[in-house]
2 protein chains.
Amino acid sequence: MNTDMNELISVAAGRKPADLVIKNAAVADVFNGRWVAGDVAIVGGNIAGVGTYSGKIEIDGTGKYVLPSFYDTHMHFESVMIRPSEYLKAAVPRGVTAINADPHEIANVCGEAGIKFMLDDVKGIPCDVHFMMPSCVPATPEDKSGCVLDASDVKRISEKYDLFGLGEMMNFPGVIGGDSDMLKKLEVCGITDGHAPSVVGNALNAYLCGNILTDHECETVDEVREKIGKGMYVMIREGSQTKNLKTTIQAVDKTNLRRFLFCTDDRNVEDLFKIGTITNAVRLAVECGLKPIEAVTIASLNAYEAYGIKKHGAIAPGYSADLLLCSDNIAQKIDAVFYHGKKVAQNGKPLFDVTPADARGLYGSVHIKPVTEKDFEFEFKKGMPVMRVFPNTVVTQTVNAESRDGLNLMCCIERHSASGMIGHCYVDGFSLKNGAIAQTVGHDAHNITVLGDNARDMLIAVNGLGRDGGLVLVKDGKLIGRLPLEIAGLMTDATAETAIKIRAELFSALDDMDYNKHIEPFMLLSFLTLIVIPDAKLNHKGLFGVSRWDYLYRG
Amino acid sequence: MNTDMNELISVAAGRKPADLVIKNAAVADVFNGRWVAGDVAIVGGNIAGVGTYSGKIEIDGTGKYVLPSFYDTHMHFESVMIRPSEYLKAAVPRGVTAINADPHEIANVCGEAGIKFMLDDVKGIPCDVHFMMPSCVPATPEDKSGCVLDASDVKRISEKYDLFGLGEMMNFPGVIGGDSDMLKKLEVCGITDGHAPSVVGNALNAYLCGNILTDHECETVDEVREKIGKGMYVMIREGSQTKNLKTTIQAVDKTNLRRFLFCTDDRNVEDLFKIGTITNAVRLAVECGLKPIEAVTIASLNAYEAYGIKKHGAIAPGYSADLLLCSDNIAQKIDAVFYHGKKVAQNGKPLFDVTPADARGLYGSVHIKPVTEKDFEFEFKKGMPVMRVFPNTVVTQTVNAESRDGLNLMCCIERHSASGMIGHCYVDGFSLKNGAIAQTVGHDAHNITVLGDNARDMLIAVNGLGRDGGLVLVKDGKLIGRLPLEIAGLMTDATAETAIKIRAELFSALDDMDYNKHIEPFMLLSFLTLIVIPDAKLNHKGLFGVSRWDYLYRG
């Protein structure tokens, strides 16, 4: 990959022509925070230098900007519901040539086989995809996911596939409490991403003694400054569901800027195509007051520095030639993307082919006992605890309901081992009428979640998921929309364009249904099973009260 | 060395008492550039956190400051003329707990044996001494040093002793020109320090393509900014002979601050005791306008970051407990130094013992053919090229002398293989009368240099060096001062205190001699043999014109 040193020096010194020169551009100097005029000389996969150069191929950069390409420091491909190679065909032309991906969701369904598929799917794609080892499979001991990966599995899989580090350590109570399996996992992997919402003070100190490098869960400026001050790199997260940039950016100043990174965490496929990934964060950061070169520095140099990757993230001699040629200085108009010195995208279109991995081994991931309408009948008792949901948050409340009116029934059906276990609860605030929604995406165990106002439609919805799973809509006894997610019940095996088209149809069908239109039903439903977020959540065993860390009832 | 993770977490979380707590101090937050109030909890060799803590031992830090201890990123022990262990007994109490040392001088005399001695001498001392592999032994092919280390030697010795990286690559013309032996050396060692005075533009690009990380030779603000912008870390050098801080600090701003380090390069023993090493740079930086926390950040975090050393250089959870307890915020009044959690110095005094390595194998490094007065007679020819010297610089001029009046004779006697080779030249500007100076320190080959106005005194001076070498003064036929440098002819085997006492006597004896008092004779003489600095320099073959890169005459 790296150009021979003698060759590189000969080109830099001007004794040999460069392979490629971008002439007369404004070049980002992310070290001094300025733009310098010059020719960017590239030989093989590396930058020889910025100066006055001639090349075998010369591109006129007059009026253009050359930036280091961007690094998405934390994301989950599964959230996009398309396979990694489909994602990258869109993300690379939008300026990203490095990603830390945590295949946490697919590992919860398929374990090692899921991780291997993700690795295989990105092979040969012009992007440095660093896969992290999922740290919490399952997320908690209460979850029933498709797989359990203990510390010895983490060590074995990490080493077998040469993974980049340990993925977000969500089990912060475990780390702080000194849980021995968690500590063993932390000791195995050099780089460890964190996940510590609202953890501060001595508890944060304890968490950081677990060798945690980053956090992407900050909610307030004070929390950001404390985490930075204690040595963390803070990822400014701007995803499709979780949008923290406008708050956390307020904590950035010229001194601590070096300790910030950008990440998307989750991205839906529509946003990927419409607003991109890290380019969106860069644009918003500048809107919030950062200088363009500062936002670019966060998106490039800082990320490589945080992860100890040398000679990346800047336009400088000997650096990897991963760069963007843009019509503007914040990469909103990217003319071309170069990766290891080769042009890999132009005007938003990929110039590379992908060789998708065979996913058929991950089809048919839904294993349930046959269900009947009876499974979707659940006795309502006056005063029983129910889950209340709200728009724009995945946090719920536990309330005691006096009447069944307006409530929906939600069920969580264990789908990995056909155990027949089903948890039930009533949900206030969803207000779905004459229909049901079912899906195989349900963080983090990804059991089946189904919600509706009548047992018939709920049964049709669950049966509509089939063996492969997906997202299903049922109205008045009829299946009116379905996005198959054949790959582990999480990702479609179709193209991104097909996914967008089907999702558009689904959302259109949703328009005709009667429910609380302030919520995005599929997204919200996917988080109502996540028992690490307060307060009432449903798993396959029953309704769980997060704040008391126990079941409100089982069944 | 590192505290067990479970133990560390238990203390950080407050479940167990710390080993040591510094209570209620102002603690440097080098990430945010601020001071935070709190207790610093330490367990084993690591910091558990800053917060509210109790410990088995508690120190009242009220009104005090806690800083990460300092890192001298480039220095040569040999310049101090005392052995490394003697140096560290003074440097550690003055705030330094990490050093990159390049044993370039002793390697030029004794090769591997010299390097091994240096490593052995620092063993057990509470300071992270990272030895670099000398890159240029000899400095140029024209030099006759005691040893030649080619690329295969560099590889072998680096690996055998697990050295930290490649020492300052002074042969920048070789790198830029693609010299194959230089390139092989660069490919062997991951970390490579640079040395590229006034190298800019495409030549600098070429040099950096050789994977050079740092530079400590910057002379102007523009040069600094260019080097920073091309990815180098710039060491702000403030030594005893070379003082660049007041110029280079002008290039520091809040954006590029992360890319600056401090180093001393050379330090004489008097300055070591009087003004310290990195503390002196910190004080001057603040006098030049940096905030205290900024200067502290350059002295600590930046240095560790540059060299990719994790969990060092800050007061943060999990970090190595290397810190200073001070009465002021720029470490001019250091109450105590802690290294790996242990107090290793108090009020300027070391609390540790050293076990000096046996240096006797490096005694007797002077191997010359017997000399007579005839060797110090050299025909003067009207109009011949002579070396003109000036105060405050080691740069010389080549001039054609019309008369011998006022000139001194200088000789360079090869001292490693008793070859009998002696170079001669006349020197204008030294103006020594009725005496001679001789020494075995002469960069970088460290042959004998002797300068005087008469052959008798020059002979006495050279014979006064004996088999062990040192610094010698002769006046009116009498040896009036001598500092023995038994270790390779470069360092005394006496204590620092003895060295200071003898040097004081030497300087006092110099006071009674008649010479240009604007120069420091021993220092200047040691650089008049260094043929990589312009213009007329003398080696064992004759007078060398650096600008024409050839001998002005031989003999």
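Residues numbered from 1 in each chain as written. Chains lettered and ligands numbered in written order. Predicted model: local features only at pLDDT ≥ 70, side-chain atom pairs only at ≥ 80, totals over all residues. Heavy atoms only, no water.

K.L.:
Could you give me a rundown of the interface of chain A and chain B, with the residues and numbers involved?
P.N.:
Counting from both sides, the interface comprises 58 residues of chain A and, opposite them, 59 residues of chain B. Taking both partners together, chain A and chain B bury about 4,400 Å²; carbon and sulfur atoms supply 52% of that area. A salt bridge links Arg-258 of chain B to Glu-305 of chain A; the nearest nitrogen and oxygen atoms lie 3.1 Å apart. On the surface where chain A and chain B come into contact, there are 20 residue pairs in polar contact (both at pLDDT 80 or more). Those elements giving two or more residues to the side of chain A that touches chain B turn out to be α1 (5–12), β3 (46–51), α6 (172–177), α7 (180–188), α8 (201–208), α9 (221–229) and α14 (301–306) of chain A. When the residues that make up the side of chain A that touches chain B are grouped by side-chain class, the tally is 25 nonpolar, 20 polar and 13 charged. (Contact = heavy atoms within 4.5 Å. Buried area = accessible area lost by both parts, 1.4 Å probe. Salt bridge = Lys/Arg side-chain N within 4 Å of Asp/Glu carboxyl O. Polar contact = N/O pair within 3.5 Å; in protein donor to acceptor, adjacent residues only side chain to side chain. Helix = DSSP H or I, 4+ residues; strand = E, 2+ residues; numbered from the N terminus. Nonpolar A, V, L, I, M, F, W, Y, C, P; charged D, E, K, R; others polar.)

K.L.:
So what's going on with the packing of helix α4 (residues 112–121) of chain A against helix α5 (residues 151–161) of chain A? Residues and values would help.
P.N.:
All names here are of chain A. Between α4 and α5, the shortest axis-to-axis distance is 12 Å and the interhelical angle comes to 20 degrees. The angle between the axes of α4 and α5 places the two elements in the roughly parallel class. With respect to the hand of their crossing, α4 and α5 are arranged in right-handed fashion. Along its contact with α4, which presents Glu-112, Ile-115, Lys-116 and Leu-119, the element α5 presents Arg-156, Ile-157, Lys-160 and Tyr-161. Residues that form the contact of α4 with α5 fall into these classes: four nonpolar, no polar and four charged. (Axes fitted to C-alpha atoms, helices over the stretch in contact; angles between N-to-C directions. Parallel < 35°, antiparallel > 145°, perpendicular 65-115°, else oblique. Left-handed = near helix turned anticlockwise from the far one by under 90°.)

K.L.:
Quick one: what's the story with the packing of aromatic side chains, residue by residue and with numbers?
P.N.:
Residues and elements named next belong to chain A. Going through the model one piece at a time under the given rule, you end up with 26 aromatic pairs over all chains. A ring pair is formed by Phe-31 and Tyr-319, whose centres lie 6.2 Å apart and whose planes are at 75 degrees; its orientation type is edge-to-face. A residue pair is termed long-range when its members are at least 10 positions apart, and Phe-31 in the loop between β1 (18–29) and β2 (34–43) and Tyr-319 in the loop between α14 and β14 (323–326) qualify at 288 residues. Residues Phe-31 and Tyr-319 agree in their burial class; the two are buried. Each member of the aromatic cluster is reached from another via a ring pair, and the members are Tyr-71, Phe-164, Tyr-304 and Tyr-307. Directly above the aromatic system of Tyr-233 lies the positively charged group of Arg-259, at a separation of 3.8 Å from the ring centroid. (Phe/Tyr/Trp six-rings, centres within 6.5 Å; stacked < 30°, edge-to-face > 60°. Buried < 20%, exposed > 50% of the residue type's maximum accessible area, 1.4 Å probe, protein only. Lys NZ or Arg CZ within 6 Å of the ring centre and 35° of its normal.)

K.L.:
Go over the sheet that holds strand β26 (residues 536–538) of chain A, please, and point to the residues and values.
P.N.:
Residues and elements named next belong to chain A. Across the sheet, three strands lie side by side as β26-β27-β28; this open sheet has antiparallel pairing. Only two strands of the sheet have a single partner each, and these edge strands are β26 and β28 (550–554). Neighbour-to-neighbour, the strand axes of the sheet open up by a mean angle of 30 degrees, direction not taken into account. As paired elements, β26 and strand β27 (residues 542–545) share three bridges and run antiparallel to each other. Looking across to β27, one finds that Ala-536 is bridged to Gly-545. (Pairing = 2+ DSSP bridges.)

K.L.:
Describe helix α13 (residues 292–299) of chain A, and please don't skip the residues or the numbers.
P.N.:
For α13 of chain A, the tally of buried residues reaches seven of eight residues, placing the bulk of the element in the interior. All of the buried residues in α13 of chain A are Ile-293, Glu-294, Ala-295, Val-296, Thr-297, Ile-298 and Ala-299 of chain A.

K.L.:
Before we move on, can you summarise the relation of the copies chain A and chain B with the specific residues and values?
P.N.:
For the pair chain A and chain B, the superposition axis carries a translation of 0.0 Å, the fit reaches an RMSD of 0.1 Å, and the rotation angle comes to 180 degrees. Both copies are brought into coincidence by an operation consistent with a two-fold rotation axis. Minimal C-alpha separation from the rotation axis in chain A is found for Lys-254 of chain A, amounting to 3.0 Å. An overlap of 100% is found between the interface residues of chain A and their copies at the interface of chain B, pointing to a shared contact surface. (Least-squares fit on C-alpha atoms with pLDDT ≥ 70 in both.)

K.L.:
I'd love a proper account of the side chain of Glu-86 of chain A, names of residues and values included.
P.N.:
For Glu-86 of chain A, the location among the structural elements is in helix α2 (residues 84–91). Only 2.7 Å separates the side chain of Glu-86 of chain A from the backbone nitrogen of Ala-496 of chain A, close enough to count as a polar contact.

K.L.:
An account of the pattern of salt bridges is needed here, citing residue identities and associated values.
P.N.:
All names here are of chain A. For the structure shown, the criterion picks out 65 salt bridges over all chains. A salt bridge links Lys-123 to Asp-120; its shortest N-O distance comes to 3.1 Å. Classification of Lys-123 by relative accessible area gives exposed; the value is 54%. Between Arg-237 and Asp-265 there is a salt bridge, and its shortest N-O distance comes to 2.6 Å. One end of the pair, Arg-237, is in strand β12 (residues 233–237); the other, Asp-265, is in the loop between β13 (260–263) and α11 (269–275), and 28 residues separate them in sequence. What makes Asp-265 buried here is its relative accessible area of 8%. A cluster of three or more residues bridged by salt bridges with shared partners is formed by Glu-112, Asp-153, Arg-156 and Lys-160.

K.L.:
Which residues make up the environment of Gly-489 of chain B, and what values go with them?
P.N.:
Residues and elements named next belong to chain B. Along the chain, Gly-489 falls in the loop between β25 (478–484) and α16 (496–511). Measuring from C-alpha to C-alpha, the distance between Gly-489 and Ser-54 comes to 53 Å, with 435 residues separating the pair along the chain. Look past the residues within four positions of Gly-489 in its chain and what remains in contact with it is Ser-365, Arg-415, Thr-440, Val-441 and Asp-468.

K.L.:
Describe the sheet that holds strand β27 (residues 542–545) of chain B, naming the residues involved and giving the relevant values.
P.N.:
Residues and elements named next belong to chain B. In space, the three strands of this open sheet follow the order β26-β27-β28, with antiparallel pairing throughout. Either end of the sheet is taken by a strand with one partner, and the two such strands are β26 (536–538) and β28 (550–554). Adjacent strand axes in the sheet meet at a mean angle of 30 degrees when their direction is disregarded. With four bridges connecting them, β27 and β28 associate as antiparallel partners. Considered in β28, the bridge of Gly-542 is made with Arg-554.

K.L.:
Break down the pairing of strand β20 (residues 408–413) of chain A for me, with residues and values.
P.N.:
Residue and element names in this part refer to chain A. Taken across its six residues, β20 has six buried, putting it largely inside the fold. Here β20 shows two buried faces, one formed by Asn-408, Met-410 and Cys-412 and the other by Leu-409, Cys-411 and Ile-413. Two strands pair when backbone bridges link them, and β20 and strand β21 (residues 422–428) are joined in this way by six bridges, in the antiparallel orientation. Within the sheet, the bridge partner assigned to Cys-412 lies in β21 and is Gly-423. Examined bridge by bridge, β20 and strand β23 (residues 448–452) share five bridges and lie antiparallel to one another. Bridging from a neighbouring strand, Ile-413 pairs with Ile-448 of β23.

K.L.:
Could you give me a rundown of unusual backbone geometry, with the residues and numbers involved?
P.N.:
With the exception of glycine, the majority of residues adopt a negative phi angle, and the majority of peptide bonds are in the trans configuration. With an omega of 0 degrees, the peptide bond running from Val-137 of chain A to Pro-138 of chain A counts as cis. Residue Asp-444 of chain A is bonded to the preceding His-443 of chain A through a cis peptide linkage, with omega at -15 degrees. Here Asp-444 of chain A is to be found in the loop between β22 (435–439) and β23. Of note, Ala-418 of chain B is a non-glycine position whose phi angle comes to about 50 degrees, a positive value. Position of Ala-418 of chain B relative to the elements: it lies in the loop between β20 (408–413) and β21 (422–428). For Ala-418 of chain B, a relative accessible area of 29% puts it in the partly exposed group. The backbone phi angle of Ala-488 of chain B is positive, close to 65 degrees, even though this residue is not glycine. If you trace the backbone, Ala-488 of chain B turns up in the loop between β25 and α16.

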